[in-house]
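Coordinate analysis (summary)
Each chain is listed here by its residues.
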Amino acid sequence: MSPRVIGLSALAGATLALPLALVAAPQENGLRNPADFASIADRNQRSAAIFTEMGKVLTHPRCVNCHPRTDRPLQDDRGEPHMPAVVRGNAAGTGAPGLECATCHGPANVAFESGVGSVPGHPLWHLAPIEMAWEGKSLRQICEQLKDRRRNGNKTLAELHEHNAHDSLVGWGWNPGEGRTPAPGTQAEFGALTKAWIDTGAHCPA
Amino acid sequence: MATGFTLNGKAVSFDGPPDTPLLWVIRDAQGLTGTKYGCGVAQCGACTVHLDGRNRRSCVTPVSTVAGKSVTTIEGVRGAEAEAVKRAWIALDVPQCGYCQSGQVMSAIGLLTAKADPSDEDIDHAMAGNICRCATYVRIRQAIKDAAKAVAA
Amino acid sequence: MNAVTPTRRAVLAGASGSLVLGFSLPARARAAQPARPFRPNAFVSIAPDSKVTVMIKHVEFGQGPSTGLATLVAEELDADWGQMRVEQAPANDPLYKNLAFGTMGTGGSTAISNSWMQMRTAGAAARAMLVAAAAKRWGVPAAQVKVAKGVVSHGARTASFGELAASAATMPVPEKPALKDPADFTLIGTRLPKLDTPAKTDGSAIFTMDVSRPGMIHTAILHPPAFGATLERFDGAAAHAVPGVIAVRAVPQGVAVYARDRHAALTGRKALTAEWDFEQAETRSSAEMEQAYAARARTPGVQAGGHGDPAAALAAAAKTIEAEYFFPFLAHATMEPQDAVIEWRPGKADVWLGSQFQVGETTAIAKTLGVPFEGMSLHNQFCGGSFGRRATPDMGFAVEAAAIAKAHGPGAYKHVWTRENDMRGGRYRPLGIHRIRGGIDAEGRITAWDHVIAMQSFMKGTPMAGPEIAKGLDGSATEGAHELPYAVPNHRCGYHMMENGVPTLWWRSVGHTHTGYAVETFVDELLALAGKDAVEGRLTILVDKEPRYAGVLRRVAEIADWSGPKAQDGRTRGVALVKSFGSYVAQIAEVSRSDEGIPRVHKVWAAVDCGIAVNPDVIAAQVEGGLGYGLGAALFNELTIEPGGMVREGNFDSYRCLKIAEMPAVEVSIVKSAENPTGIGEPGLPPVAPAVANAWRALTGKPVHRLPFVKGVVA
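All of the points below concern the structure found in this document. Nothing here was measured: the structure is a model prediction, and the numbers come from that model. (Residues numbered from 1 in each chain as written. Chains lettered and ligands numbered in written order. Predicted model: local features only at pLDDT ≥ 70, side-chain atom pairs only at ≥ 80, totals over all residues. Heavy atoms only, no water.)

1. Digging into the state of the cysteines
Residues and elements named next belong to chain A. What counts here: Working definition: a disulfide is two cysteine sulfur atoms within 2.5 Å of each other. Numbering of helices and strands runs from the N terminus; a helix is a DSSP stretch of H or I covering at least four residues, while a strand is a stretch of E covering at least two. For each residue, the accessible area found with a 1.4 Å probe, counting protein chains only, is set against the maximum for its type, and the residue is called buried under 20%, exposed over 50%, and partly exposed in between.
Counted under the stated rule, the structure contains 1 disulfide over all chains. Here C143 is linked by a disulfide to C204, with a sulfur-sulfur distance of 2.0 Å. Because the sign of the S-S torsion sets the handedness, a value of about -85° for the bond joining C143 and C204 places this disulfide among the left-handed ones. Remark: C204 occurs in the segment after α9 (187-199) and C143 occurs in helix α6 (residues 139-147); sequence separation between them is 61 residues. The two residues C143 and C204 agree in class, both being buried. No disulfide involves C66; its sulfur sits 7.7 Å from that of C101, the nearest cysteine.

Below, the structure written as structure tokens:
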């Protein structure tokens with residue numbers, strides 16, 4: 001048998017198994033531009049198609065994991081229950097007394113010393129409010145929810161665009177640290193899609 | 001390049017790489033060994049310290065992120081909650097192997113500091129990140145409750 | 001080997017010159033120490049300030065031997081508990097061997113049982129010499145001198161141990177000092193606080209991890225990715241580029257990184273790449289192993305025990321059932337990973353280690369370093385858990401640490417495994433398959449039990465291997481199954497010694513980790529098949545010769561107020577009964593279905609008979625902890641070997657440990673006994689998983705034949 005080259009990184013990469021990273025087709029790691037939808041003549045259909053493209057980001061584990069339907073976040077590319085079993089804890093979603101998000105999550109991602117992976121970090125690390133949960137929901141349901149000011153943090157569509165295009169916690173999804181698959185495309189592309197979706201009437205997919 | 005912070009009330013400085021985990025700075029550079037390495041990935045809680053008074057896993061805390069902040073370890077933790085927790089721990093003979101207990105004690109103090117009268121559910125949530133392989137959990141739970149009563153008395 | 005090696009402490013302590021076990025120290029050491037402690041034997045030392053220090057021959061990893069052995073001495077010495085101190089014994093078999101093993105070692109729950117008479121005798125001898133000294137001083141008959149709570153007295157005259165120490169050292173050492181009648185015990189049987197608790201509460205307890213030496217080099221290792229794979233070549237350039245990295249070297253165990261501090265060592269390790277040869281590696285996945293084992297378990301295997309004719313009895317049975325059990329590889333996952341500090345120069349070495357086989361490990365390190373045993377000093381440390389892991393017959397970790405130290409030359413080294421090294425480091429509780437067929441007659445009596453076990457032997461090829469290994473048998477794999485506690489007229493236990501390249505080891509409670517589960521769930525199913533109550537049914541069929549089984553079973557039923565498997569609030573209960581390491585434990589578990597769809601264990605009642613209870617609170621703590629350890633493994637744990645031989649689980653995120661929220665309330669009742677003490681570090685573990693499984697079957701109607709429950713309840 002011929003020798004196999006395995007460093008710690010390769011070993012952990014293989015054994016931690018990042019199925020999305022390993023099986024995803026190359027084009028699925030990117031996002032299409034709004035211009036790519038120009039051929040759809042019907043404005044509503046075009047809008048819905050653009051939202052469907054945005055859905056690649058919205059339903060990505062980088063986003064869903066902190067928009068769970070329960071009080072417990074999810075983690076990793078498989079969307080498994082967060083380990084340890086932390087909880088929302090308070091209205092701000094920053095954890096329970098004694099075990100807050102900030103007990104482990106710092107201002108930036110921290111790569112592990114002893115294996116491949118990292119603890120994700122951001123100065124405002126927290127769980128999305130329960131009314132913004134979209135784990136397990138259809139794209140249409142997520143879309144309706146995003147437009148509903150009672151369920152989107154009281155944002156106008158312009159504010160929603162600002163959030164998607166520039167919020168740095170949203171932006172973490174494209175810079176998620178070692179051992180995690182980034183959200184597809186870039187935040188700028190996601191922002192452009194959001195704007196195009198709003199500009200075409202913010203229609204939801206069926 | 002040096003990172004300055006307060007450790008158990010004293011100003012200290014660390015000259016090494018800024019990404020060095022606080023855990024090693026405390027243990028190896030400062031010689032305070034009560035804080036333990038258990039997993040290196042914030043899964044076991046043995047490395048728990050207080051950062052500006054709140055529970056923090058030192059193994060995933062780059063020393064650069066504590067610049068100007070106050071770090072408290074098991075050796076330096078003081079106050080009514082700390083004394084009550086330690087007394088309750090000893091009264092119930094909680095530790096077995098003892099390796100995780102600094103972290104358990106620090107987490108328990110952090111809990112009582114944040115919530116004076118924790119329910120069983122509060123204890124479950126606060127201590128969910130502290131593993132004890134000897135499974136001394138029955139006594140940990142009771143000691144936290146006893147300590148809370150002692151502080152309130 | 002086995003030479004007397006006075007440690008620094010022993011030298012400072014000096015000696016009385018008159019020693020029960022012939023331990024003496026160089027004259028210069030005595031001369032250098034004017035105020036000598038009184039040291040009547042190798043275990044007891046009494047200082048001029050009356051502090052009594054007991055040399056503890058068993059490593060302390062939380063199971064309480066320091067407190068227990070000191071209690072035995074203090075009892076016969078009539079010392080006050082407050083004056084007792086403990087110290088870890090040096091590596092010295094003639095003085096400090098485990099009387100059950102013949103070498104220094106801790107395991108098999110033998111710490112109290114093998115020390116019971118030895119430590120009491122050591123205390124009694126010291127007492128007799130103190131009494132003789134007092135009698136001489138006061139000119140009264142020794143028989144009239146009393147000792148209580150550390151005070152020697154005659155009438156109104158009193159003296160402390162320290163005041164009498166110098167004179168006591170000149171008294172003859174009694175050959176066979178009288179021991180107390182157990183009815184006169186004042187310390188044994190009481191809840192003495194553990195001596196190591198304060199230091200383990202305030203962070204001051206020192207573990208191997210905490211030892212530091214001047215100029216010490218920190219080392220880390222990259223192991224092969226599969227068991228048995230070997231290093232072809234490595235590229236250390238990137239590791240060398242990490243500031244603080246001193247060297248990168250190939251050692252027989254992998255590639256070692258030497259650095260100024262731990263962060264540099266780990267950063268260097270992460271930057272390493274290596275090529276490995278898998279020619280000799282175990283590359284099967286655990287799923288492939290399971291298939292191979294299951295096929296073998298369908299054939300009879302070598303007979304490990306039995307009587308009667310189970311095949312005929314099965315054929316004649318009114319009803320039969322059959323079950324195939326799967327037990328996964330399990331890691332010990334001690335909180336403190338494997339670690340050691342070695343400081344050496346030609347001819348001499350100091351070792352700081354939480355050593356479970358003190359002489360064996362010291363010898364292995366000596367050989368690896370090329371230092372004579374006489375030049376070795378072992379400083380045994382507290383260790384952060386073992387559960388069997390630190391007792392390796394080949395002293396594997398000690399050899400690795402020494403090889404790394406040797407490869408770089410004289411100096412001080414701290415070698416620490418990462419959690420991933422530890423989790424993927426092997427020495428697992430072996431994977432195994434049990435297949436059992438059982439039958440009952442028309443009256444519901446169990447008439448047949450045919451049991452086959454397919455599992456690796458971790459004894460094979462080690463110095464512990466007995467002659468039975470050559471016959472294809474290993475009692476540590478079949479204990480608890482080759483002889484049943486139940487009177488079944490036709491019983492057979494067969495064993496297949498499976499070959500496997502994954503290194504395995506005893507794991508808290510050894511064979512009972514799996515046989516206890518298989519036997520106690522299967523007997524429960526047979527009793528249910530016969531329409532019998534789980535407690536009454538067991539009581540009816542327990543073997544007559546061991547009434548202590550029934551004693552703990554009746555007691556647990558009593559404290560749990562057992563009235564069958566149905567409990568309040570829709571919960572259910574299950575019972576299990578296992579004898580291990582000479583101790584009898586029965587447990588009742590009360591469960592419901594958790595949000596995750598697995599058992600939520602609300603409470604466990606446990607009744608224990610481990611002979612005379614030296615410290616009831618330590619016994620209760622060991623039962624609480626033992627069942628918690630066993631429950632965590634049963635609920636969650638499995639090491640998965642991927643095709644190619646890599647272990648999937650590397651840290652506590654994927655190897656999920658029991659947390660406080662999953663820990664049941666525990667009520668322990670100790671059955672009073674006049675028998676000599678037996679083990680308690682392990683016996684609390686085996687009944688918990690089958691008790692939970694039996695309760696779960698009552699809840700859901702479904703037996704669980706596959707562990708862990710997270711897999712088994714959906715299988």
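2. Considering the pattern of salt bridges
Using the following cut-off: Each salt bridge in this description consists of a side-chain nitrogen of Lys or Arg and a carboxyl oxygen of Asp or Glu lying within 4 Å of one another.
If you walk through the whole model with that rule in mind, you get 52 salt bridges over all chains. The shortest N-O distance in the salt bridge between D210 of chain C and K36 of chain B comes to 3.0 Å. With D210 of chain C in the loop between α7 (197-201) and β7 (217-222) and K36 of chain B in the loop between α1 (22-29) and β3 (48-51), this pair bridges two chains. In terms of burial, D210 of chain C and K36 of chain B fall into one category: buried. Two residues, R427 of chain C and D394 of chain C, come together in a salt bridge whose shortest N-O distance is 3.0 Å. Linking R427 of chain C in the loop between α14 (419-423) and β18 (432-440) with D394 of chain C in the loop between β16 (376-380) and α13 (396-408), this pair joins segments that are 33 residues apart in sequence. Overall, R427 of chain C belongs to the buried group, its relative accessible area being 18%. Three or more residues are tied together by salt bridges with common partners; here these are D120, D124, R141 and K145 of chain B.

3. As for the side chain of D609 of chain C
All names here are of chain C. Rule in force here: The definition of a polar contact used here is a pair of N or O atoms within 3.5 Å, where within protein one atom must be able to donate a hydrogen and the other to accept one, and adjacent residues in sequence count solely through side-chain atom pairs.
Considering the arrangement of structural elements, one finds D609 in strand β23 (residues 599-609). Separated by 2.8 Å, the side chains of D609 and R548 make a polar contact. A distance of 3.1 Å separates a polar side-chain atom of D609 from the backbone nitrogen of G611.

4. Concerning the sheet that holds strand β22 (residues 583-593) of chain C
Residue and element names in this part refer to chain C. What counts here: We call two strands paired when DSSP finds no fewer than two bridges between them. For helices, the fitted line uses only the C-alpha atoms of the stretch in contact; every axis is such a line through C-alpha atoms, and the angle between N-to-C directions lies from 0 to 180 degrees.
Ordered in space as β21-β22-β23-β24, the 4 strands form an open sheet in which the pairing is mixed. Each edge of the sheet is formed by a strand with only one pairing partner; in this case those strands are β21 (572-580) and β24 (665-670). Neighbour-to-neighbour, the strand axes of the sheet open up by a mean angle of 15°, direction not taken into account. Alignment of β23 against β24, held across 6 bridges, turns out to be parallel. Paired with W605 across the strands is E667, a residue of β24.

Interpretation in functional terms is not warranted from these geometric data alone.
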